[in-house]
Amino acid sequence: MTQPDVWMGDPPVEPYPFTDTAEVRSGPDLHPALLGLLPFLGVWRGRGQGGYPTIENAFHYAQEIRLTHDGRPFMHYEARAWLVEPDGTPIRPGARETGWWRPVQGTDDVEVLLAHPTGFLELYLGRVDKLQLELATDAVVRSATAKEVTAGHRLYGIVDGALLYAYDMAAVGQGLQPHLSARLERVV
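Criteria and cut-off values
Residues numbered from 1 in each chain as written. Predicted model: local features only at pLDDT ≥ 70, side-chain atom pairs only at ≥ 80, totals over all residues. Heavy atoms only, no water. Phe/Tyr/Trp six-rings, centres within 6.5 Å; stacked < 30°, edge-to-face > 60°. Helix = DSSP H or I, 4+ residues; strand = E, 2+ residues; numbered from the N terminus. Buried < 20%, exposed > 50% of the residue type's maximum accessible area, 1.4 Å probe, protein only. Lys NZ or Arg CZ within 6 Å of the ring centre and 35° of its normal. Patch = residues over 30% accessible without salt bridge, like charges linked within 9 Å, V, L, I, M, F, W, Y side chains within 5 Å. Areas by Shrake-Rupley, 256 points an atom, 1.4 Å probe, with all protein chains shown as cover. Salt bridge = Lys/Arg side-chain N within 4 Å of Asp/Glu carboxyl O. 1 Å grid on protein atoms, 1.4 Å probe; cavity = no way out; pocket = protein on both sides within 12 Å on 5 of 7 lines; lining within 4 Å. Points joined across faces, edges and corners; volume = space filled by probe spheres on them. Nonpolar A, V, L, I, M, F, W, Y, C, P; charged D, E, K, R; others polar. Polar contact = N/O pair within 3.5 Å; in protein donor to acceptor, adjacent residues only side chain to side chain. Contact = heavy atoms within 4.5 Å.

(A) Main features of the packing of aromatic side chains. Overall, the coordinates contain seven aromatic pairs when judged by the stated rule. Summarising the aromatic geometry, the rings of Phe59 and Tyr61 are spaced 6.2 Å apart at their centres and angled 45° between planes, so their arrangement reads as tilted. Plain terms: the ring middles of Tyr77 and Trp101 are 5.7 Å apart, the flat faces sit at 15° to each other, and that makes the pair stacked. Taken together, the residues Tyr77 in strand 3 (residues 75–84) and Trp101 in strand 4 (residues 90–103) connect sequence positions 24 residues apart. Each member of the pair, Tyr77 as well as Trp101, carries the same accessibility label: buried. Pairwise contacts between aromatic rings join Phe40, Tyr77, Trp101, Tyr156 and Tyr165 into one cluster. Here Arg154 stacks its cationic end above the ring of Tyr167, 4.3 Å away from the centre of that ring.

(B) Molecular detail of a nonpolar patch on the surface. A contiguous nonpolar surface patch, about 260 Å² in accessible area, is contributed by Val24, Leu35 and Leu38. Assignment of secondary structure puts Val24 in the segment before strand 1 (42–50).

(C) Structural view of the layout of surface pockets. Each pocket or cavity is described by its volume, and for the largest pocket that value is around 670 Å³. Around the largest pocket sit 28 residues that line it, and Gly94, Ala95, Lys147, His179 and Leu180 are the ones nearest its centre. No other element matches the five residues that strand 4 contributes to the lining of the largest pocket. Looking at the lining of the largest pocket residue by residue, the class counts come to 17 nonpolar, six polar and five charged. Taken as a whole, the second largest pocket holds about 150 Å³ of empty space. Lining the second largest pocket, in full, are Ala22, Glu23, Val24, Arg25, Leu38, Leu41, Arg186 and Val188.

(D) Local environment of unusual backbone geometry. At Lys130, a residue that is not glycine, the phi angle is positive and equals roughly 60°. Positionally, Lys130 belongs in the loop between strand 6 (120–129) and strand 7 (132–142). Unusually for a residue other than glycine, Asp160 sits at a positive phi of about 50°. Looking at the secondary structure, you find Asp160 in the loop between strand 8 (149–159) and strand 9 (162–171).

(E) The pattern of salt bridges, seen in detail. Inspection of every chain in the model, using the stated rule, returns eleven salt bridges. A salt bridge links Arg25 to Glu23; the shortest N-O distance between them is 3.5 Å. With a relative accessible area of 25%, Glu23 lands in the partly exposed category. Its salt-bridge partner being Arg154, residue Glu97 comes within 2.9 Å of it at the nearest N-O pair. With Glu97 in strand 4 and Arg154 in strand 8, this residue pair connects regions lying 57 residues apart in the sequence.

(F) Layout of the side chain of Glu64. Following the sequence through the fold, Glu64 ends up in strand 2 (residues 59–68). At a separation of 2.6 Å, a polar atom in the side chain of Glu64 contacts the side chain of Arg45. Within the structure, the side chain of Glu64 is placed 3.1 Å from the side chain of Arg66, a separation counted as a polar contact. If we ignore the near neighbours within four places in the chain, the residues touching Glu64 are Val43, Trp44, Arg45, Glu78, Ala79, Arg80 and Trp82.

Have a look at this one:
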């Protein structure tokens, strides 16, 4: 396959010229469609615990969630977790997911799209109500080698300035079961 002539001899491309921000004091203006999600904007860190009927022992984890915007009507969501000892000592990397929180203009409805490196994608539909966001899966798509995840339910809330969440999952032959819960503090 040959490249178009326009690529030959063009100068190098400069770094991406636009910024994402996790706050409203710097960077691009917040899109008005994001006002209902504004309390969730930021970088959050904290600890949680998890378990599942198919997992032998409950576990502790630390997590960072980043919700940023670039002035358009959606937020970029990135979460990464790592397993920790009960005293907080890191053990190893854990779950990771990335995606988009998209408000449905003119409503309190929200669409959330999440991709997981373990081979599945989730589309959540939900509603924001002041400091609470409740989501349920509308669709889950898996690769042939991914763990069987069939549904999810997530509840996020801002309580006393902290981000609390609970995640129920249906997977590997189980119906919706509690899986994760955490309390994260805003660091940005």
